[in-house]
Amino acid sequence: MYELDRVVVLAGGLSAEREVSLRSGDRVRDALAEAGIDAVVADADSDLLTRLRADPPSAVFPVIHGASGEDGAIREVLGLLGAPYVGSVASACQMAFDKPTAKALVAAAGVNTPPSVTLPREAFHDLGAAAVIDLIIARLGLPLYIKPSRGGSALGAGPVRDAAELPSALLSCFAYGDIALIERLVGGTEVTVGVIDLGGGPQALPAVEIVPGDGGYDYAARYTPGKTEFYVPARLPGEVVAQVARIAIAAHTVLGLRDLSRTDLIVDETGTAYFLEVNVSPGMTETSTLPMALQASGHAFGTTCVRLLEQAATRGA
Amino acid sequence: MTPEEQPASQRQRIDPYVGQYAERAVGMVASEIRALFAVAARPEIVSLAGGSPYVSALPLDAVGEMIGRLVASHGDTALQYCTAQGDAGLRERICDVMALEEIRAHPDEIVVTVGSQQALDLLTRIFIDPGDVILAEAPSYVGALGAFASYQARVVHVAMDDDGLIPEALEEAIARTAAAGRRAKFLYTVPNFHNPAGVTLAVARRPRILDICQRAGLLVVEDNPYGLLGFDGGPMRALRADDSDGVVYLGTFSKTFAAGVRVGWAVAPAAIKDKLILAAESAVLCHSSFAQLTVREYLATQPWLEQVKDFRELYRERRDATLSALDTMMPAGCHWTRPAGGFYVWLGLPDGVHAKAMLPRAISSRVAYVPGTGFYADGSGGQYARLCYSLPSPDRIREGIRRLASVIETEIELRDDFGPAPGTR
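Quantities reported herein were computed from a predicted structural model and do not represent experimental measurements.

1. Some points on the sheet that holds strand 7 (residues 184–189) of chain B
Residue and element names in this part refer to chain B.
Now for step 1: The strand order 3-10-9-8-7-4-5-6 describes an open sheet built from eight strands, whose pairing is mixed. The open sheet has two free edges, formed respectively by strand 3 (110–113) and strand 6 (164–165), since each of these has just one partner strand.
Now for step 2: Summarising the sheet, strand 9 (residues 247–252) and strand 10 (residues 264–267) pair through four bridges and their orientation is antiparallel. Each bridged residue has a counterpart across the sheet, and for leucine 250 the counterpart in strand 10 is alanine 266.

And the structure:
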């Protein structure tokens, strides 16, 4: 076993998910401390490379969410530095972080995913927003779910139940990114499935069922303790539980992900599960679902983080 | 673990006290705006958002030595409890500070508070029952609105123009409130170098505002954090100087010395002052003796008026950089105030552009501001943004405004493509 005497938890970054990432970072550091590993939390700033060069880490646990954290950039740099890290390699992150790409690859593996179109802001500008919107509704119908093609925490994302709401939903979406993923909204039970690989291959954790309040699973619902109810395992029939687990494993495998991931899905009233997106750096806050699922499956959070770090250190850069 | 082996489903009680919180805590939730401001604190972002004073301009070595001497010579007092009214020596010094604005006050009339924010909290606590009306400028200081909301006050905004609060609008708001069967408990006003609007109540309007309030039996809460930071001429005569019975004056050392010491004060008519002291006792027992004595020593031993003059010059240069950059870079349809002091420019955006909706793009472009929605109790004001020039250097201000202008141009294009942002029609 490699000695984990210089563990760095990477948290923060410059995306809108910075605050969430900092909370995730603190939680991982504290869990590691409880498991006997001293770790420092470092931000991805202009001092980072100097620090990592001067004191090469035993392993790095990246919990930066959003751009640079999940698009592979930080991991590419860690690779250049020769620093071992927990999680997926940069090329896999690039595919997973881009939601349309991830959807296409997962769908190609035979997984259901809601019909969608992906359009950049310029398409609406150049071709006329009203005409493009008409085409979208003609193709996908209503209701829809709009989200930036890259990013998380439901920032810039939301449902559209009436055609008149679509322009303002696109405005909100384009505030967070220049490409919109416009999906047919599938109603049903929202679940999320963590996948963890502690050396024996990817294993699905118990599905977590998300029951948000009236406002849906928006930013406030995600990060205000008590605003959303979670059920672990999800209150789903056994065959549906097996189905969502298979999809999460399939997404993890098809995209070439490593160590851990979290797949978000919706299960419609017929029991059919649809892949929505996958996260390579899942939230680790007190309201995040992956730690809940770990706990429900008998994995102590801190011990699991230690094992992932040991795995990374053993693997090397 | 296979799905068949899964244990029975359990509801996760992340917060076991949900359902037990007071009604006033309902709105205390995570917000996207706060998340974006967490990014704004990073040095890569030109932050025109937070209203922080440029404390690096203080003679920090001298202040450090002064604090060392304070602990060595008065440690037994500085590190001990004190009275809820505050240190008597500091209150004497505060009288000297207020004399600059022609307020004649006795130290007994003063209550020292944790910044003027606590004075706002205490005043609201002793005056406001849920649903009571407070009149406040439109827009109004976000911290005051937060204090008012925490006591479930109903805020009625009163229009301003470039000369500050409009007397006719105040009369109309008082009448409208009375016609609704309510009585406003007080008028909250920031007459000098307004936060966020950057305007100053014109001299000619001041007696009219006081007269209207006197006739209506309406207490005035005069919040004056920036009064000594005017760029043209000396400090203006305070409202309190002309009506000691009808005006509660709030002051602070946050902008003239250091925000971190958290020392402010209230000067109030005797009956109100007594209640403020009792309310302060129940809130904090007493304020930090150490902070109070630090300010007292600073005023007694350091050239603090010279320092205020330095601050004025520094902020004037930054104000000039801001206005010059706005003049040359902002797209058509924008308009802004031209402050004669203080920290803030109030930027009006082109029709159909919403400052809150635009903020994520601004942060991505590495510039931050405060959307106008924070300065209206009902969350309107999206067509405005507050720009604060106190902290960044003039070069950074110019760069920040260049980035902001580009963001606004993109928003104009989006507005043209998708129609006006909600809340701007």
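2. Considerations on the interface of chain A and chain B
Now for step 1: Taken together, the 41 residues of chain A in the interface contact 34 residues of chain B.
Now for step 2: Of all the elements in the fold, those that place two or more residues in the side of chain A that touches chain B are helix 1 (18–34), helix 6 (121–127), helix 8 (166–174), helix 9 (219–223), strand 11 (228–232) and helix 10 (238–254) of chain A.
Now for step 3: Per element, the largest residue contribution to the side of chain A that touches chain B is six residues, and it comes from helix 8 of chain A.
Now for step 4: Bridge analysis of strand 11 of chain A against strand 1 (residues 10–12) of chain B gives three bridges, and the strand direction is antiparallel. From the neighbouring strand, phenylalanine 230 of chain A faces strand 1 of chain B, where its bridge partner is glutamine 12 of chain B.

3. What about the sheet that holds strand 11 (residues 335–336) of chain B?
All names here are of chain B.
Now for step 1: Taking strand neighbours across the sheet as the criterion, the four strands line up as 11-12-15-14 in an open arrangement whose pairing is antiparallel. Single-partner strands in this sheet number two, and they are strand 11 and strand 14 (370–371).
Now for step 2: As paired strands, strand 14 and strand 15 (residues 384–388) are joined by two bridges and run antiparallel to one another. Bridging from a neighbouring strand, valine 370 pairs with arginine 386 of strand 15.

4. Quick look at the packing of helix 11 (residues 304–329) of chain B against helix 13 (residues 394–418) of chain B
Residues and elements named next belong to chain B.
Now for step 1: At a minimum axis distance of 9 Å, the contact between helix 11 and helix 13 shows a crossing angle of 30 degrees. Here helix 11 is positioned roughly parallel relative to helix 13, judged by the angle of their axes. You can see that helix 11 and helix 13 cross each other, and the crossing is right-handed. Note on element contacts: helix 13 touches helix 11 through Pro394, Ile397, Arg398, Ile401, Arg402 and Ala405, opposite Glu317, Arg318, Ala321, Thr322, Ala325, Leu326 and Met329.
Now for step 2: For the contact of helix 11 with helix 13, the per-class residue count stands at eight nonpolar, one polar and four charged.

Definitions and cut-offs
Residues numbered from 1 in each chain as written. Chains lettered and ligands numbered in written order. Predicted model: local features only at pLDDT ≥ 70, side-chain atom pairs only at ≥ 80, totals over all residues. Pairing = 2+ DSSP bridges. Helix = DSSP H or I, 4+ residues; strand = E, 2+ residues; numbered from the N terminus. Contact = placed C-beta atoms within 7 Å. Axes fitted to C-alpha atoms, helices over the stretch in contact; angles between N-to-C directions. Parallel < 35°, antiparallel > 145°, perpendicular 65-115°, else oblique. Left-handed = near helix turned anticlockwise from the far one by under 90°. Nonpolar A, V, L, I, M, F, W, Y, C, P; charged D, E, K, R; others polar.

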